[in-house]
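Residue strings, one per chain:
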Amino acid sequence: MNKNKEKLLNSRYRAEKRFQFYGKSAIFLALLFLTIFIFKIFSTGYTAFQKTWLIVPVTFDAETMYLDENPSKEDLEDADYFDLALQTMFNLDKSASEKQQNDLKRMVSYFFEREIKRELLNDPSLIGKTKDVYLTASDDLDQVFKGNYPRDLPEDQRRVTDYQLKIFDQLVEQGRIESKFNLSFFTYPDSREAELAGIASSFMGSIFSILVCLVIAFPVAVLAAIYLEEFAPKNRFTDFIEVNINNLAAVPSIVFGLLGLGILLAVFQLPRSTPLVGGITLSLMTLPTIIIACRASLKAVPPSIREAALAMGASKMQTTMHHTVPLSMPGTLSGTIIGLAQALGETAPLILIGMVAFVNTIPGSPLDPAASLPVQIYIWAESAERGFVEKVSACIMVLLGFLIIMNLFAQIIRHKFEKKWS
Amino acid sequence: MKKNGVKMIKINSKNVDVFYGKKQALFNINLDIEENQVTALIGPSGCGKSTFLRCLNRMNDVIDICRVKGQIIINDFDINDKSCDVVRLREKIGMVFQKPNPFPKTIYENISYGPTIHGMAQSKNEMDEIVENSLKKAALWEEVKDRLHEPGTGLSGGQQQRLCIARAISVKPEVILMDEPCSALDPIATAQIEELIDELKKDHTIIIVTHSMAQAARVSQNTGFFHLGELIEHGSTDKIFKNPENKRTQDYITGRFG
């Protein structure tokens, strides 16, 4: 009898040990995947935060720019910098053939003309003088300098010619190639050229969408939740509504996109590709999340608090507004932020309402066309250039950073405003 | 308090039945509560004494499936009548619950909440006075006067319960209902509350539900004994404890069941 008991006890201990082992393995596996994922993104993406510049001596020759003597500010604005810019690049190798000259020109971005112009506008006294100017290297050379580009391929299989590599190596030797923090990644809108593409448009688009989403979803959801939880009679009809709110939370997001397309764009004729439409569509998606979070935190307020207020002669409305709702706010707010974080990462509905369009302007309001961060990732991931590969990862990093900050904020709100009740 | 030698009746309940859904919880309760006296309601768990208490300020309204029949007359007015305003009623009839339930706000705000919503103070000074008086009457003032703006939930259990009593008396109710106010407290805190109850009966009519027979004997002048939803016997505490008429009352009081 005793022996049997001992056996039973041992097997119970073993069962617990086994269970703990399974649990630990599951956690380990999850962490492993997370680590691989983050490592992959960082290792491909971190180079996108560096940008390669060619430092080229520019002789601001008034004649090449077709400028008269003592030009005014307007004259400088209107002057022709293209020939000057071309000349500058050709000067890198004065003996270059016509084909080689073309190669030289393609060593820098097509912004080279603007970059030279900006230099002169900043300091008009440069006319007639020579100055070293930073020009954005072309995407391919940028990748070569970062070591992402296989140089040992046969020439006809790569986009950089041997001649370009030769000149580039000379420039490296002369210390005329420099890598600096890629500010333009954050300040430029999207571009077809990888070296000039930035996330400004999609970042602003995401912010505007989220703001529109918050402004619409939060008040509607909170009011709905308070009414359903505190005031509505409990009957079949409210049960039906509750079930359907839960169903709404489970609807695939692309369906909301179709709704946005069919109703907001087709019927209400709202402007296509704008954060306004995106935000409204996302708010439909966020609505059930916030309602559920708000109802859960209203339910979590102990009934004793409601009774205390009611017994003091507070009306139902006063009880709700003075006690229940303030106590439920931390949970509601963190639920809201998590809902918004979901909306922030949403791609499918935004593609349907046209936020996938190529936008190379930075939106100034929710009514301007814009992209959004996840859609930007989608667009870049489809591009072939090597330069976009690192940009995809960099954009994912920005999006993840954004999400982490939002979730952190949700945690802080929950901890800071959570009140302990007896 | 006696008027011409006759005790004044504050609350008069006639044929009160209470149902939870289909289940009847109280059967035909007829009980008169005397003014400025402490009335104890005793009985085993689930006998309906708390349910009856909650009828007196219509707290049963909160429970969807609960229905109350019969008349409960307070100040010549049936509170179960449709014309009765629950908010007004609860201003007149305060309640202290089994578990201390201060609002998760400061001590000051806990007390000032009632007077604020009922518009009882015209100025900050008046409110300060109400808060001070209420806390003094609840014998809590000395302990908390230096930390009125600290959270009420930070007090000890006994202090929290006295805070709840102070909150209840802040609106100067005529009746105070107490639902096992000491069941979550230690003996010292219990003694403080009992002392307080004795003090409070000068200005208020008190009805207390208690599990402790000793407590009922100590604090009350009248006692009602409930069993299985019926009011078995009621009368002066002396009589109920020393010379009960009903056998069930006697069995309960002598500890043979319950």
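None of the values given here were measured: they were computed from a predicted structure.

Enquirer: What is the right way to read the overall build of chain A from this model?
Expert: Each helix and strand in chain A was counted, giving 17 helices and 3 strands. Taking 22 Å as the expected radius of gyration for a compact globule of 422 residues, we find that chain A reaches 30 Å, considerably beyond that expectation. Taken over the C-alpha atoms alone, chain A extends approximately 95 × 65 × 40 Å along its principal axes. In chain A, which comprises 422 residues, the proportion classed as buried is 37%. A fraction of 75% describes how many contacts in chain A between residues 6 or more apart in sequence connect residues 24 or more apart.

Enquirer: When you look at the packing of helix H13 (residues 303-311) of chain A against helix H14 (residues 316-344) of chain A in this model, what are you seeing that I'm missing?
Expert: The relative placement of two packed helices is expressed as an angle between their axes plus a distance between the axes. Residues and elements named next belong to chain A. With their axes 9 Å apart at the nearest point, H13 and H14 run at an angle of 155° to one another. It follows that H13 is roughly antiparallel to H14 by the angle criterion. Considering the relative orientation of H13 and H14, their crossing is right-handed. The residues of H14 that touch H13, namely those facing Ile-305, Arg-306, Ala-309 and Leu-310, are Gln-318, Thr-319, His-322, His-323, Thr-324 and Leu-327. For the contact of H13 with H14, the residue count by class is 4 nonpolar, 5 polar and 1 charged.

Enquirer: I keep staring at the sheet that holds strand E2 (residues 130-136) of chain A and nothing clicks. Help me out?
Expert: Adjacent strands of a sheet pair through backbone hydrogen bonds, lying either parallel or antiparallel. Residue and element names in this part refer to chain A. With antiparallel pairing, 3 strands are arranged side by side in an open sheet as E2-E1-E3. Looking at which strands have only one partner, the edges of the open sheet turn out to be E2 and strand E3 (177-181). Here the average twist between neighbouring strands, direction ignored, is 40°. For strand E1 (residues 50-59) and E3, the ladder comprises 5 bridges, and the chain directions are antiparallel. Bridging from a neighbouring strand, Lys-51 pairs with Lys-180 of E3. In this fold helix H5 (residues 112-122) packs onto E1 and E2, with an angle of close to 140° to the strand it touches most, E2.

Enquirer: Would you mind going over the nonpolar core with me for this structure?
Expert: Here is a general trend for soluble globular proteins: nonpolar side chains tend to be buried in one another's company. Residues B:Ile176, B:Leu177, B:Ile207 and B:Ile208 are the most contacted members of the largest nonpolar core, which totals 71 residues. Counting residues per element, this core draws most heavily on helix H6 (residues 157-169) of chain B, at 6 residues. A:Leu214, A:Leu350, A:Val375 and A:Trp380 belong to the second-largest nonpolar core, a separate cluster that totals 63 residues.

Enquirer: Which parts of the structure should I look at to understand the packing of helix H3 (residues 82-90) of chain A against H5(A)?
Expert: Residues and elements named next belong to chain A. One can describe the packing of H3 onto H5 by two numbers: an axis separation of 9 Å at closest approach and a directional angle of 105°. When the axes of H3 and H5 are compared, the pair comes out roughly perpendicular. Along its contact with H3, which presents Phe-82, Leu-84, Ala-85 and Thr-88, the element H5 presents Phe-112, Glu-113 and Ile-116. Of the residues in the contact of H3 with H5, the class split is 5 nonpolar, 1 polar and 1 charged.

Enquirer: Explain the domain arrangement of chain A to me, please; I cannot follow it from the model alone.
Expert: Where interface size is given, it is often the accessible area lost as the parts come together that is meant. Here the domain parsing of chain A yields domain 1 (51-180) and domain 2 (200-417). Just the C-alpha atoms count here: the centres of domain 1 of chain A and domain 2 of chain A sit 47 Å apart.

Enquirer: What exactly am I supposed to notice about the interface of chain B and chain A here?
Expert: Listed per partner, the contact involves 24 residues of chain B and 18 residues of chain A. Elements represented by at least two residues in the side of chain B that touches chain A include exactly helix H2 (86-92), strand E8 (93-96), helix H3 (107-117) and H6 of chain B. For the side of chain B that touches chain A, the per-class residue count stands at 12 nonpolar, 7 polar and 5 charged.

Parameters at a glance
Residues numbered from 1 in each chain as written. Chains lettered and ligands numbered in written order. Predicted model: local features only at pLDDT ≥ 70, side-chain atom pairs only at ≥ 80, totals over all residues. Helix = DSSP H or I, 4+ residues; strand = E, 2+ residues; numbered from the N terminus. Rg over C-alpha atoms; globule rule 2.2 N^0.38 Å. Buried ≥ 20, exposed ≤ 12 C-beta atoms within 10 Å, placed from the backbone. Contact = placed C-beta atoms within 7 Å. Axes fitted to C-alpha atoms, helices over the stretch in contact; angles between N-to-C directions. Parallel < 35°, antiparallel > 145°, perpendicular 65-115°, else oblique. Left-handed = near helix turned anticlockwise from the far one by under 90°. Nonpolar A, V, L, I, M, F, W, Y, C, P; charged D, E, K, R; others polar. Pairing = 2+ DSSP bridges. Core = buried A, V, L, I, M, F, W, Y, C linked by C-beta atoms within 7 Å. Domains from an automatic or database assignment.

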